[in-house]
Amino acid sequence: MPTVSMTVNGKSVSAEVEPRTLLVQYLREHLGLTGTHVGCDTSQCGACVVHVNGESLKSCTMLAGQAEGADVTTIEGLANGDDLHPMQEAFRENHGLQCGFCTPGMVMSALDLVKQNPDPSEKEVREWLEGNLCRCTGYHNIVKSILAGAEALRG
Amino acid sequence: MSATGIGASIKRVEDLRFLTGNGHYTDDINQLDQSHAWILRSPHAHAKLNSVDTSKAAAAPGVIAIFTGADMAADGVGGIPCGWQIHNKDGSPMAEPGHPALAVDKVRHVGDQVAIVIAETRDQARDAAELIAVDYAVLPAAIDMDTALSGASLVHDDAPNNRCFDWEIGDRDATEAAFAKADHVVSIDLANNRLIPNAMEPRAAISEFDRSTGRYTLHTTTQNPHVIRLLMGAFVLQIPEHKLRIVAPDVGGGFGSKIFHYAEEAILTWAAAKVHRPIKWTAERSESFMTDAHGRDHETHADLALDKDGKFLGLRVATKANVGAYLSTFGSSVPTYLYATLLAGVYATPAIYAEVQTVFTNTVPVDAYRGAGRPECTYLLERLVTKAARDLGMDPVELRQKNMIQPDQYPYQTPVALEYDCGDSPATFASALKASDYAGFEARRGAAEKNGKLRGIGISTYVEACGIAPSAVAGALGARAGLYESAQVRVHPTGSVTVYTGTHSHGQGHETTFAQLVSESFGIPADLVEVSHGDTDQVQFGMGTYGSRSLAVGGPAILKACNKVIDKAKKIAAHILEADVSDIEFADGKFTVVGTDKEMAFAEVSLAAYVPHNYPIEEIEPGLDENAFYDPLNFSFPGGAHICEVEVDPDTGHVEVIDFTAVDDVGRVVNPMIVEGQVHGGLAQGVGQAVLEGCVYDADGQLLTGSYMDYTMPRADDLPNFSVSTQGVMGASNPLEVKGVGEVGAIGSPPAVINAIIDALSPLGVTDISMPATPNKVWQAIQASSVRQAAE
Ligand code: FES
Ligand code: FES
């Protein structure tokens, strides 16, 4: 079995995996980073979104081997000790989550949006979330959270 | 009142773990030495199982064991039970065919379980499953209800014509008499589209068996761990409660689909004792589509009798409901007692009669999905009433107002069994009309027209029933379980509290809301309270979470236990303060001797309870830990009014939901932030049902909507910002006066959306559109009506 190495949340990691292992399996099963979730088998729900080399990506669409040498950030890597990241804080303040299953993907996806577009409109947020499904919140408070998070990040 | 008590929008305790990736969902959990399971499923909707040859698969790499239905049958494993027995019109019981966990002689829907493969890894189990040779003799499938009722192909040999039961409610003669004297009769035929619940977390389970103690443990994605223990332990596997532990850890949404006892739970638990290894199974999304119980799926004809002034005289309803291939846990109660008992709706219709036939088909079982019966009922009533207004040339607002139950009529006995304890539909309706600027609608319609859009407005006024109760009544109607809830309130020596509840939170925020109840009761901050749920080894008993019952039934149980704690604590305080217990008052977290400045804080009394040096030891025991069970006196009846505005693009048929206003009466609100969030989520599912979602099987029983590419889930850009408010009417028959909020959004909203679409299309002569109102369907309706109009 090939060995796959990368940097995850600032730490160098490596594991021997079967070639068909997806990045999301590598994170969840080999590194125990279970904050990244699997909600579908057709790359549509967005529960598995992480950052690979600074860009949001559905970790179920990529083989672990394709991320060899990459710099990966997962939901576990956002908070600074006890301090939540401003986007996490915005979700908490605005009740942007209920069951929490879609939440890691939503937060990681939102961060890529505000990186590209620091002051998005409500419509832009809704359109950006095309690839992230939530069954609980009706998106109302997710959109509100992302707008608030964007504002907090603009300072 | 405490700052973190009832009415405070405090932030959720749950959020920290979910936001940092530290939730513990079932698939996040791994046991030492665990094996992995893959379930081989039927590719056919209906087939005889001639043989299942596992020999090649058994030799595949990593395979530990393979079991089939024959193995389970040989062990005397029972079938998956149904939780509610319904009786036919003639008094005979419903058809209740067997439901083996692994198929024995036949498979009855695509996705039916044929074998379990247990291997070292999931990939190995899956690879081996492909080597199992199954000889199927394909049989004709019964998919749509009419074909099924013709009996040409029987799903179960012991259910003639595929009928499960033929049930009725209400007074047929009185209803016929009402129609005989009616000035107008308005009729409607409609379908309530079949939905696939799609909680974002797929179902999963991990089973374990401890040979040294004979104990089984099952972690599973359920909304009601004790119910699973009861059903699986007592009926399927014959494991007594003390040897069976069910744990529902963090669960990623349920919406009803995780109430039911599923075959995989029994298969895994049984197999753990065979292989002496923990076994983990997680559904792929395509398995969720194929095997999670679906929702709705009714076809209904209804007639409304009115007098010349538009007063409702009578309602007659005939419904066919699809129960799928097997009776799921609540599959029989949803289209009966959760549906037809609500047919009065918010109206004082004096005579109502309904008959419901349920039908077995070669599709996955149909059971409760957010609202369960009540959305079907509300959709019927609110479409029918809107149609009546249109047909009779009356104003849909006035027609509703004229027929609504008035506030002074409560308690109101309906002709279909329920007694509404309190409510005020005219008030919530008035508020919704105002909040939506109903009066200003025509100007908005005109403005849209200038942009080439057809704008419409639709109304839905509704009442629903939550917290099925009392147990004795539910039992008389066929429920095979009690429907109370339990709570344990354990005060620790230093005054912090752990609450054990038999309900289960999978997004609802109980850990926050229930802590607020205790905060209010004891006058302590909510962060001194921890709520524990989901583990049958920790929680004494419980019926779980569904039917918006947790706060309405579980809440009063907590309150009862808190009151027992306070009663005992007063005795302790009286002893220490050397006063008579009748002179002790408890308020704001302090026990005071009335008329004096002698007082003890809550934590001082709790400490005394555990360090009983100066203590009335002859009168009461040490400790401060109380249990309570609460059995409700009645259902609770949330209600309200939903108003929707849509714009239709006549060139494409695309419907945009522009505005949605909901004014809901959910009684007393404990955490307004959480309550609003619950309404948002319900509305999204209701709008989804109305315009996006629909399960489709082809005539052979293949599921055509088996992935997110084919089944349209509501996405952020399909939905508007919702305008949501609550207007609580007090008087619900529980000590908290709460009514339940989990389902109101999904119950009230679909007819508001469809009524709005029909209103938008009415200038073109369109009078009907079915759910989901997809662009294709809307465009077709526009074309058909313009052809018709041109011909006229
Ligand atoms: S799990 Fe990756 S998109 Fe659904
Ligand atoms: S919070 Fe449950 S799926 Fe989004």
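Quick note: structure is the one above.
Residues numbered from 1 in each chain as written. Chains lettered and ligands numbered in written order. Predicted model: local features only at pLDDT ≥ 70, side-chain atom pairs only at ≥ 80, totals over all residues. Heavy atoms only, no water.

(A) How the structure looks around the overall build of chain A. When its secondary structure is counted, chain A shows five helices and five strands. In chain A, the order of α-helices and β-strands from amino to carboxyl end is β-β-α-β-β-β-α-α-α-α. For a compact globule of 155 residues, the expected C-alpha radius of gyration is about 15 Å, and chain A comes in at 15 Å, within 12% of that figure. Each principal axis of the C-alpha distribution contributes one length, and for chain A these read about 45 × 30 × 25 Å. Taking all 155 residues of chain A together, the buried fraction comes to 55%. Of the roughly 6000 Å² of accessible surface on chain A, a fraction of 46% belongs to carbon and sulfur atoms. With 11 positive and 19 negative side-chain charges, chain A shows a separation of 6 Å between the mean positions of the two kinds. (Helix = DSSP H or I, 4+ residues; strand = E, 2+ residues; numbered from the N terminus. Rg over C-alpha atoms; globule rule 2.2 N^0.38 Å. Buried < 20%, exposed > 50% of the residue type's maximum accessible area, 1.4 Å probe, protein only. Areas by Shrake-Rupley, 256 points an atom, 1.4 Å probe, with all protein chains shown as cover. Lys, Arg positive; Asp, Glu negative; His and termini not counted. Charge placed at Lys NZ, Arg CZ, Asp CG, Glu CD.)

(B) Region of the structure containing the overall build of chain B. Scanning chain B from N- to C-terminus turns up 20 helices and 28 strands. For chain B, the spread of C-alpha atoms along the three principal axes comes to 95 × 75 × 55 Å. Here chain B holds 792 residues, and 63% of them are scored as buried. Counted over contacts in chain B with a minimum sequence separation of 6, partners at least 24 positions apart contribute 80%. In the form shown here, chain B has an accessible surface area of approximately 26300 Å², with 51% of it arising from carbon and sulfur atoms. Across chain B, the mean location of the 59 positive side-chain charges is 1 Å away from that of the 100 negative side-chain charges. (Contact = heavy atoms within 4.5 Å.)

(C) Structural view of the nonpolar core. All names here are of chain B. In this structure, Tyr420 and Ile757 are the most contacted members of the largest nonpolar core, which totals 180 residues. Per-element tally for this core: the top contributor is helix α19 (residues 744–761), with ten residues. Apart from residues lying up to four places away in sequence, Tyr420 is in contact with Leu342, Ala344, Gly345, Ile405, Tyr410, Pro411, Tyr412, Thr414, Val463 and Phe637. Ala8, Ile10, Ala515 and Ala628 belong to the second-largest nonpolar core, a separate cluster that totals 48 residues. (Core = buried A, V, L, I, M, F, W, Y, C linked by side-chain atoms within 4.5 Å.)

(D) Broad picture of the pattern of salt bridges. As enumerated under the stated definition, the model contains 54 salt bridges over all chains in all. We note a salt bridge from Glu382 of chain B to Arg400 of chain B, for which the minimum N-O separation is 2.8 Å. Here the residue Glu382 of chain B occupies a position in helix α10 (residues 374–391), and Arg400 of chain B occupies one in helix α11 (residues 396–403), the gap between them amounting to 18 residues. When its relative accessible area of 0% is taken as the criterion, Arg400 of chain B is described as buried. Residues participating in the shared-partner salt-bridge network are Glu18 and Arg20 of chain A together with Asp123, Arg126, Asp127 and Glu284 of chain B. (Salt bridge = Lys/Arg side-chain N within 4 Å of Asp/Glu carboxyl O.)

(E) The arrangement of the side chain of Thr137 of chain A in detail. By the secondary structure assignment, Thr137 of chain A is in the loop between α4 (122–128) and α5 (140–154). A polar contact is formed between the side chain of Thr137 of chain A and the backbone nitrogen of Tyr139 of chain A, at a distance of 2.9 Å. The contact partners of Thr137 of chain A, leaving out residues within four places of it in the chain, are Gly96, Leu97, Gln98 and Ile142 of chain A together with His680 and Gly681 of chain B. (Polar contact = N/O pair within 3.5 Å; in protein donor to acceptor, adjacent residues only side chain to side chain.)

(F) Broad picture of the pairing of strand β9 (residues 204–210) of chain B. Residues and elements named next belong to chain B. The pairing of β9 with strand β12 (residues 279–282) spans four bridges and is classified as antiparallel. Among the inter-strand pairings, Ile206 is bridged to a residue of β12, identified as Lys280. In this sheet, strand β10 (residues 215–220) lies alongside β9 in antiparallel orientation, the contact comprising six bridges. For Glu208, the partnering residue across the bridge sits in β10 and is Thr217. Linking β9 to β10, which pair antiparallel, is a turn of four residues; within it Gly214 sits at a positive phi near 70°. (Pairing = 2+ DSSP bridges.)

(G) Expanded view of the sheet that holds strand β21 (residues 529–532) of chain B. Residue and element names in this part refer to chain B. Taken in spatial order, the four strands make up an open sheet running β21-β20-β19-β25, and their pairing is mixed. Bordering the open sheet on either side are β21 and β25 (625–630), each of which pairs with just one other strand. Here the average twist between neighbouring strands, direction ignored, is 15°. Two strands pair when backbone bridges link them, and strand β19 (residues 485–491) and strand β20 (residues 497–501) are joined in this way by five bridges, in the antiparallel orientation. Residue pairing for β20: Val491 is matched across the bridge by Val497. Contacting β19, β20 and β21, helix α15 (residues 510–522) runs over the sheet at an angle of about 135° to β21. (Axes fitted to C-alpha atoms, helices over the stretch in contact; angles between N-to-C directions.)

(H) Just the interface of chain B and chain A, in detail. Each side of the interface is counted separately: chain B has 52 residues, and chain A has 44 residues. Where chain B abuts chain A, roughly 4200 Å² becomes buried across the two surfaces, and 54% of that area is made up of carbon and sulfur atoms. The largest contributions to the chain B side of the interface with chain A come from Leu19, Met200 and Ala716 of chain B, which together make up 17% of the buried area. Between Glu130 of chain A and Arg715 of chain B there is a salt bridge, and its shortest N-O distance comes to 3.7 Å. There are 31 residue pairs in polar contact (both at pLDDT 80 or more) connecting chain B and chain A. Secondary structure elements with two or more residues in the side of chain B that touches chain A: α1 (15–19), α4 (122–129), α9 (285–291) and α18 (672–692) of chain B. At eight residues, the largest contribution of residues to the side of chain B that touches chain A is made by α18 of chain B. Class assignment of the residues belonging to the side of chain B that touches chain A gives a composition of 24 nonpolar, 15 polar and 13 charged. (Buried area = accessible area lost by both parts, 1.4 Å probe. Nonpolar A, V, L, I, M, F, W, Y, C, P; charged D, E, K, R; others polar.)

(I) Focus on the packing of helix α2 (residues 86–93) of chain A against α5 of chain A. All names here are of chain A. At a minimum axis distance of 8 Å, the contact between α2 and α5 shows a crossing angle of 140°. Judged by the angle between their axes, α2 and α5 are oblique. The two elements α2 and α5 cross, and the hand of that crossing is right-handed. Across the interface between the two elements, Pro86, Met87, Ala90 and Phe91 from α2 touch Ile142, Ser145, Ile146, Ala148, Gly149, Ala150, Ala152 and Leu153 from α5. When grouped by side-chain class, the residues that make up the contact of α2 with α5 number ten nonpolar, two polar and no charged. (Parallel < 35°, antiparallel > 145°, perpendicular 65-115°, else oblique. Left-handed = near helix turned anticlockwise from the far one by under 90°.)

(J) Seen up close, unusual backbone geometry. Residues and elements named next belong to chain B. In this structure, Pro411 follows Tyr410 across a cis peptide bond, with omega equal to -5°. By the secondary structure assignment, Pro411 is in the loop between α11 and β16 (412–413). Cis geometry is found at the peptide bond from Met771 to Pro772, where omega equals -10°. In this fold, Pro772 is placed in the loop between α19 and α20 (775–791). We note that Glu737 has phi near 55°; this positive angle belongs to a residue other than glycine. Within the secondary structure layout, Glu737 lies in the loop between β28 (722–726) and α19. Judged by relative accessible area, Glu737 falls into the partly exposed class, the value being 21%.

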